[in-house]
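Examination of the molecular architecture
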Amino acid sequence: MKSSFVRVAIAGALALTLAACGGKEQFTVQGKLIDVKNAGMTLKTNGQTISPAAGATTFAFPQAIEYGEVYNVEIATDPRHQNCSFLTKPNGTAGQTAVIDVWIRCFQDTYTIGGTVTGLTADGLVLANGTSGGTVAIPKTATGYVFPNEVEDGTTYGVTVLTQPTGQVCSVANATGTMGEAKVENVHVSCTTPLGN
């Protein structure tokens, strides 16, 4: 008698719970974050907005959605100095999979380094960005150059002469710095021909 009363009570409690949530299973829109190094990110879905912190590795929207409800996660704002993209499908219908698991990866913004060249009359000049890598060969007809390898925002750079042109000596001005939020175009190379060459 007692056990049947307990069973009835449990069944009643389950019925009330299902009635309270409309009788549908609930799903949390959530996922994983990779390389979110900076603050400023905002994500949106189903009328909700969240702002994962710098260094966060997961996210979850606070309000669950019901079985059959459509979701579409959007990157409303990238973290500062970064750009992000989805590694998995950001949209779907709740209940298509056991859990909703959206993956997002972020990359640091990158920019080019370059500048001007004056006095170059011979071939053979090669510049190197010793801090961040990359070289560029500059022909004698060039008046400017750009390194092919882009450099991450916030990374230091240092341009040096790796190989001098034949019979000339070149030096670099504005050679070092920290990459900001725009390409660098002021690294100037000036070349001279020593007497007797």
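Up top is the structure these notes are about.
Let me sum up the structure you'll find in this document.

Reading the values: rules and limits
- Residues numbered from 1 in each chain as written.
- Predicted model: local features only at pLDDT ≥ 70, side-chain atom pairs only at ≥ 80, totals over all residues.
- Heavy atoms only, no water.
- Phe/Tyr/Trp six-rings, centres within 6.5 Å; stacked < 30°, edge-to-face > 60°.
- Helix = DSSP H or I, 4+ residues; strand = E, 2+ residues; numbered from the N terminus.
- Buried < 20%, exposed > 50% of the residue type's maximum accessible area, 1.4 Å probe, protein only.
- Disulfide = S-S within 2.5 Å.
- Pairing = 2+ DSSP bridges.
- Axes fitted to C-alpha atoms, helices over the stretch in contact; angles between N-to-C directions.
- Salt bridge = Lys/Arg side-chain N within 4 Å of Asp/Glu carboxyl O.

**Comments concerning the packing of aromatic side chains**
When we look at a pair of aromatic rings, we describe it by the centre distance and by the angle of the planes. Tallied over the full model, the rule gives three aromatic pairs. Here the aromatic rings of F27 and Y67 are separated by 6.4 Å at their centres, their planes lie at 40°, and the arrangement is tilted. Taken together, the positions of F27 in strand 1 (residues 26–27) and Y67 in the loop between strand 6 (65–66) and strand 7 (70–72) put the pair 40 residues apart, joining distant regions of the chain. Here the aromatic rings of F59 and F61 are separated by 6.0 Å at their centres, their planes lie at 85°, and the arrangement is edge-to-face. Of the two residues examined, F59 and F61, each falls in the buried class.

**Considering the state of the cysteines**
A covalent bond between the sulfur atoms of two cysteines is what we call a disulfide. Per the counting criterion, the structure on display carries two disulfides. Note that C170 is cross-linked by a disulfide to C191, the S-S spacing being 2.0 Å. Of note, the bridge from C170 to C191 carries an S-S torsion of about 110° and is right-handed in sense. Residue C170 is located in strand 19 (residues 169–173), and its partner C191 is located in strand 21 (residues 188–192); the two are separated by 21 residues in the primary sequence. Here C170 matches C191 in class, with each residue buried.

**A few points about the sheet that holds strand 20 (residues 176–178)**
Reading across the sheet, the four strands line up as 15-14-18-20 and stay open at both edges, with antiparallel pairing between neighbours. The sheet is open, and its two borders are formed by strand 15 (135–138) and strand 20, each paired with just one other strand. Between one strand axis and the next, the sheet turns by 25° as a mean value, whatever way the strands run. Bridge count between strand 14 (residues 125–129) and strand 15: four bridges; the pairing is antiparallel. In the strand pairing of strand 15, L127 is matched with V136.

**Brief notes about the pattern of salt bridges**
Applying the stated criterion across every chain, the model contains three salt bridges. The shortest N-O distance in the salt bridge between D101 and K32 comes to 3.5 Å. Taken together, the residues span a long stretch of sequence, with D101 in strand 11 (residues 100–108) and K32 in strand 2 (residues 29–34) at a distance of 69 residues. A salt bridge links K183 to E185; its shortest N-O distance comes to 3.7 Å.

**Focus on unusual backbone geometry**
One non-glycine residue, D35, lies in the positive phi region at around 60°. Tracing the sequence through the fold places D35 in the loop between strand 2 and strand 3 (42–45). The class for D35 is partly exposed, based on a relative accessible area of 36%. The backbone of N174 shows a phi angle near 55°, a positive value even though the residue is not glycine. When its relative accessible area of 46% is taken as the criterion, N174 is described as partly exposed.

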